[in-house]
Amino acid sequence: MASQDRQRSSSSSSSNDYSKYGITDEPKRTTRTALGKTKTFARLPQREWLFLAVSFINIVTALGLTVFSFVHVLENEPESADFSFILLLLVNSVFTIFYIIHGVLRERKYELYAFMAAIVVVALYCILEYFAFNTSGQTTVKLVRVIVVIVMAPPNIVLAYLVSRGFGYLEFRIVGANEYLQRLYREADIFSCLLKFHLQTACSVVVLVLEDGTDISTLETVTLAVGIPFSFFWCLFGWVTLRRELKHCVIIFAVTGFVNPAYYMYKVIKKYIDLQNDEDSDDADDTIVYSLIGAVNLGLLVWLMLMIELIFVYRNFGKGLRERINSLHGRKVPNEKSRLLRTDSKSPDPLPSA
């Protein structure tokens, strides 16, 4: 009996052994997660590994210099406006790390574009703060940070662009070769990316509320306690609305979205009034003012793009993208009544298996 089991086991293993044909077992290129189909680190192309390596070297270097400055400010000038500026760099660094990892593993081309935009924004912050806005606060650490940004940012941007141009495999695995669903998938991708970029700009504006460093007023405390959680949950609500195609939630999302631009305008007007009444502002204060204006302008632009894109994704609800993605997760298999299999002019053609 035991010998028969060994023979069956040997026969089974030999029947599954394709090495004699030159076919070897390799790590999976994709895997399924709670967020959807994702690439694995084991099968990333060399170019993407190079991009990840260069990006993390840049971020670690920038974070090291920023943390050093952060500790110095906390020990010597805790009420300085430099505290807000350094915290702003830290916040943006966290978002760039997310864009790198999530953008590569999920092949989110527009998140790599957001990563490139974040690099440009951080570089402008560092360069303008050192050479234009706060010349009296120049230090060796800030100079090193500017040099690192000037030298390492351009290659990183070029690599991010080249990597993004090579994306497409995961999109094909998710929606197949159907061009109609590919267009719907890309528009949903743009909306999802704009949600994250909006959260980044909103956090930047809220951080810039800390005008006096660690000396936080009651109003600033309320703004921090309410502003960041509101922006986070608003973006999360938008993501759930997109993923579940909840048409009745789109109106709620759009109406509550006006809170952000309203706060942006209030903050700029208040800052303008304060500057008119303050004759003792220094270079550090000017840095915060210019950074706030830049963050508000960028935030308004991203918010406007997000609202426009919301119209497009809303029109795409119920046209087959959700059914296709759910079928990959085994939640719902399309049948003869599903839009996914209809062949009329308004619906996509039947899809090949991924």
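It should be emphasised that the depicted structure is a prediction, and the values quoted were computed from it without experimental measurement.

## Thoughts on the overall build of the protein
Here is step 1: Per the secondary structure count, the protein includes 12 helices and two strands.
Here is step 2: The helix and strand sequence of the protein, counted from the amino end, reads α-β-β-α-α-α-α-α-α-α-α-α-α-α.
Here is step 3: Partitioning the intrachain contacts of the protein with sequence separation of at least 6 by distance along the chain shows that 74% fall at a separation of at least 24.
Here is step 4: A total of about 18,800 Å² of accessible surface is found on the protein, and carbon and sulfur atoms cover 62% of it.

## A closer look at the confidence of the model for the protein
Here is step 1: Taken over all residues, the pLDDT of the protein has a mean of 80, while the share at 70 or more is 79%.
Here is step 2: Mean pLDDT values for the elements of the protein range from 46 in helix H1 (residues 2-15) up to 95 in helix H9 (residues 247-256).
Here is step 3: Taken together, the stretch residues 6-25 has pLDDT below 50 and engages in one contact with residues farther than four places along the chain or on a different chain.
Here is step 4: Across residues 332-354, confidence stays below pLDDT 50; counting only partners more than four residues off in sequence or on other chains, it has 42 contacts.

## Some points on the packing of helix H8 (residues 218-244) against helix H10 (residues 259-277)
Here is step 1: Contact pair H8 / H10: the axes reach a minimum separation of 11 Å and the direction vectors enclose 150°. Considered as vectors, H8 and H10 are oriented roughly antiparallel to each other. In the crossing of H8 with H10, the sense of the turn from one axis to the other is left-handed. Counted together, Leu219, Thr223, Phe230, Ser231 and Trp234 of H8 and Val259, Asn260, Tyr263, Tyr266 and Lys270 of H10 form the full contact between these two elements.
Here is step 2: Looking at the contact of H8 with H10 residue by residue, the class counts come to six nonpolar, three polar and one charged.

## So, the side chain of serine 55
Here is step 1: Its place among the elements puts serine 55 in helix H2 (residues 46-76).
Here is step 2: Using a relative accessible area of 0% as the deciding quantity, one classes serine 55 as buried.
Here is step 3: Polar side-chain contacts of serine 55 include one of 2.9 Å to the side chain of asparagine 156.
Here is step 4: Setting aside residues no more than four positions away along its own chain, serine 55 makes contact with Ile100, Phe115 and Asn156.

## Let's talk about the pattern of salt bridges
Here is step 1: For the structure on display, the rule yields six salt bridges.
Here is step 2: Between glutamate 48 and lysine 39 there is a salt bridge whose closest N-O contact spans 2.9 Å. The same class applies to glutamate 48 and to lysine 39, which are both buried.
Here is step 3: Here lysine 39 ties to glutamate 107 by a salt bridge, and the two come within 3.2 Å at their closest N and O atoms. Of this pair, lysine 39 sits in strand S2 (residues 36-39) while glutamate 107 is found in the loop between helix H3 (82-105) and helix H4 (109-133), placing the two residues 68 residues apart along the sequence.

## Some details on the side chain of serine 231
Here is step 1: Among the secondary structure elements, serine 231 is positioned in helix H8.
Here is step 2: Since its relative accessible area comes to 3%, serine 231 is described here as buried.
Here is step 3: Within the local environment of serine 231, its side chain forms a polar contact with the side chain of asparagine 260, the two groups lying 3.5 Å apart.
Here is step 4: When near neighbours in sequence (up to four residues on either side) are disregarded, serine 231 contacts Leu199, Ala202 and Asn260.

How each quantity is defined
- Residues numbered from 1 in each chain as written.
- Predicted model: local features only at pLDDT ≥ 70, side-chain atom pairs only at ≥ 80, totals over all residues.
- Heavy atoms only, no water.
- Helix = DSSP H or I, 4+ residues; strand = E, 2+ residues; numbered from the N terminus.
- Contact = heavy atoms within 4.5 Å.
- Areas by Shrake-Rupley, 256 points an atom, 1.4 Å probe, with all protein chains shown as cover.
- pLDDT = per-residue confidence, 0-100.
- Axes fitted to C-alpha atoms, helices over the stretch in contact; angles between N-to-C directions.
- Parallel < 35°, antiparallel > 145°, perpendicular 65-115°, else oblique.
- Left-handed = near helix turned anticlockwise from the far one by under 90°.
- Nonpolar A, V, L, I, M, F, W, Y, C, P; charged D, E, K, R; others polar.
- Buried < 20%, exposed > 50% of the residue type's maximum accessible area, 1.4 Å probe, protein only.
- Polar contact = N/O pair within 3.5 Å; in protein donor to acceptor, adjacent residues only side chain to side chain.
- Salt bridge = Lys/Arg side-chain N within 4 Å of Asp/Glu carboxyl O.

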